[in-house]
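Spelled out from the first residue to the last, the chains are:
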Amino acid sequence: MKKFYYLSMLMIVSLMLTSCAQIIPLLANAYGPNAGQYRQNMKRAPKIIPRKKSKAKDPSALEKDVLSLVNDLRKKGVKCGKEKMPPVAPLSYNEKLRRAARKHAKDMGKKRYFSHDSKDGSGPLERIEDQDYQGMMWGENIAAGQETARDVMNSWIKSEGHCRNMMHPGFKEIGVGSVYVKGSPYGYYWVQNFGTRH
């Protein structure tokens, strides 16, 4: 069966000021019936916020919080962009998807990059299959810089592509990866892997 590729990504770039940090979200959405079709939508929305001192939080707790918030969203329905998305069934936790998500989040922090494509050239599908997850449909959201589950969820909800991934009725399972990498450009790195098995 032909695989359906559905990707989106969120990049946070921080510019240091004297006592504040200017957070400039850069959103580049890529999705379509195959990996060769892309639509990019770059937005800049600068906002001055007080800079906080980061402390590593329990990644398992953060991942569970994201899973809970995603299913709350799916239960209520939400507006993604200009389209109202109706309530859909909750996603089930999948350990294989979680391992793929956390591994990619850690890799981005350790190797200081932010992309759906790993430094070794592998993409989301390869990383999921490396964990022995055989899906007929999959998707991925990534983010960096947000310190709490609610903050990263708010960023994804405000981005139409990420929001649609979280509300897609075709997805049945999810794995969430959250890591804090000390000394990395963004500190916190987040990945959501979605899937539906054969």
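Being a predicted model, the structure only gives us computed values, none of them experimental.

Right, let's get into the environment of Lys106. Mapped onto the elements of the fold, Lys106 is located in helix H2 (residues 95-111). Beyond its immediate stretch of four places on either side in the chain, Lys106 contacts Val179 and Val181.

Each aromatic ring pair is summarised here by two numbers: the centre-to-centre distance and the angle between the ring planes. In the structure shown here, the tally under the stated rule is five aromatic pairs. An angle of 75° between the planes, with centres 6.4 Å apart, marks the rings of Phe114 and Tyr186 as edge-to-face. Placement of the pair is Phe114 in the loop between H2 and helix H3 (124-130) and Tyr186 in the loop between strand S9 (173-180) and strand S10 (188-197), with a sequence separation of 72 residues. On the accessibility criterion, Tyr186 (22% relative accessible area) is partly exposed. For the ring pair Tyr180 and Tyr188, a centre distance of 4.8 Å and an interplane angle of 50° mean the geometry is tilted. For Tyr180, a relative accessible area of 28% gives the class partly exposed.

Here we take up helix H5 (residues 160-167). Judged by how many residues are buried, H5 sits mostly within the fold: seven of eight residues are covered. Of all the residues in H5, the buried ones are Gly161, His162, Cys163, Arg164, Asn165, Met166 and Met167.

Next up on the list: the side chain of Gln192. Structurally, Gln192 can be placed in strand S10. Not counting the four nearest positions on each side in its chain, Gln192 is found in contact with Val66, Val70, Gly139, Glu140, Asn141, Met153, Trp156, Met166, Ile174 and Gly175.

What follows is about the side chain of Asp107. Within the fold, Asp107 resides in helix H2. Leaving out residues up to four positions away in the same chain, Asp107 has contacts with Arg112, Tyr113, Ser118 and Lys119.

Moving on: the nonpolar core. Nonpolar side chains in soluble globular proteins tend to end up buried together. With 26 residues, the main nonpolar core has Val66, Met153, Trp156 and Trp190 as its most contacted residues. The set of elements that each furnish at least two residues to this core consists of helix H1 (59-76), strand S5 (78-80), strand S8 (135-144), helix H4 (149-158), H5, S9 and S10. Looking at this core, the element that brings in the most residues is H1, giving six residues. The next biggest cluster of nonpolar side chains, apart from the first, holds 11 residues, and it includes Ala101, Ala105, Phe114 and Val181.

Okay, the pattern of salt bridges next. Summed over all chains, the structure comprises 10 salt bridges. Note that Asp132 and Lys96 form a salt bridge whose closest N and O atoms lie 3.6 Å from each other. Placement of Asp132 in the loop between H3 and S8 and of Lys96 in helix H2 is noted, with a sequence separation of 36 residues between them. Relative accessible area serves as the criterion here: at 28%, Lys96 is assigned to the partly exposed category. A salt bridge links Glu160 to Arg164, with the shortest nitrogen-to-oxygen separation between them at 3.1 Å. Placement of both Glu160 and Arg164 in helix H5 is noted, with a separation of four residues, approximately one turn of the helix. Residue classification places Glu160 among the partly exposed positions, given a relative accessible area of 30%.

Another aspect to go through is the packing of H4 against H5. One can describe the packing of H4 onto H5 by two numbers: an axis separation of 5 Å at closest approach and a directional angle of 105°. Relative to H5, the element H4 is oriented roughly perpendicular. Contacts between H4 and H5 pair Met153, Trp156, Ile157 and Lys158 from the former with Glu160, His162, Cys163 and Met166 from the latter. Tallied by class, residues from the contact of H4 with H5 come to five nonpolar, one polar and two charged.

Turning next to the pairing of S10. The element S10 is largely enclosed, with a buried count of nine among its 10 residues. Sheet analysis places S9 next to S10, joined by eight bridges and oriented antiparallel. Among the inter-strand pairings, Ile174 is bridged to a residue of S10, identified as Phe194.

What counts, and at which threshold
- Residues numbered from 1 in each chain as written.
- Predicted model: local features only at pLDDT ≥ 70, side-chain atom pairs only at ≥ 80, totals over all residues.
- Heavy atoms only, no water.
- Helix = DSSP H or I, 4+ residues; strand = E, 2+ residues; numbered from the N terminus.
- Contact = heavy atoms within 4.5 Å.
- Phe/Tyr/Trp six-rings, centres within 6.5 Å; stacked < 30°, edge-to-face > 60°.
- Buried < 20%, exposed > 50% of the residue type's maximum accessible area, 1.4 Å probe, protein only.
- Core = buried A, V, L, I, M, F, W, Y, C linked by side-chain atoms within 4.5 Å.
- Salt bridge = Lys/Arg side-chain N within 4 Å of Asp/Glu carboxyl O.
- Axes fitted to C-alpha atoms, helices over the stretch in contact; angles between N-to-C directions.
- Parallel < 35°, antiparallel > 145°, perpendicular 65-115°, else oblique.
- Nonpolar A, V, L, I, M, F, W, Y, C, P; charged D, E, K, R; others polar.
- Pairing = 2+ DSSP bridges.

What is shown is where atoms sit, not what they do.
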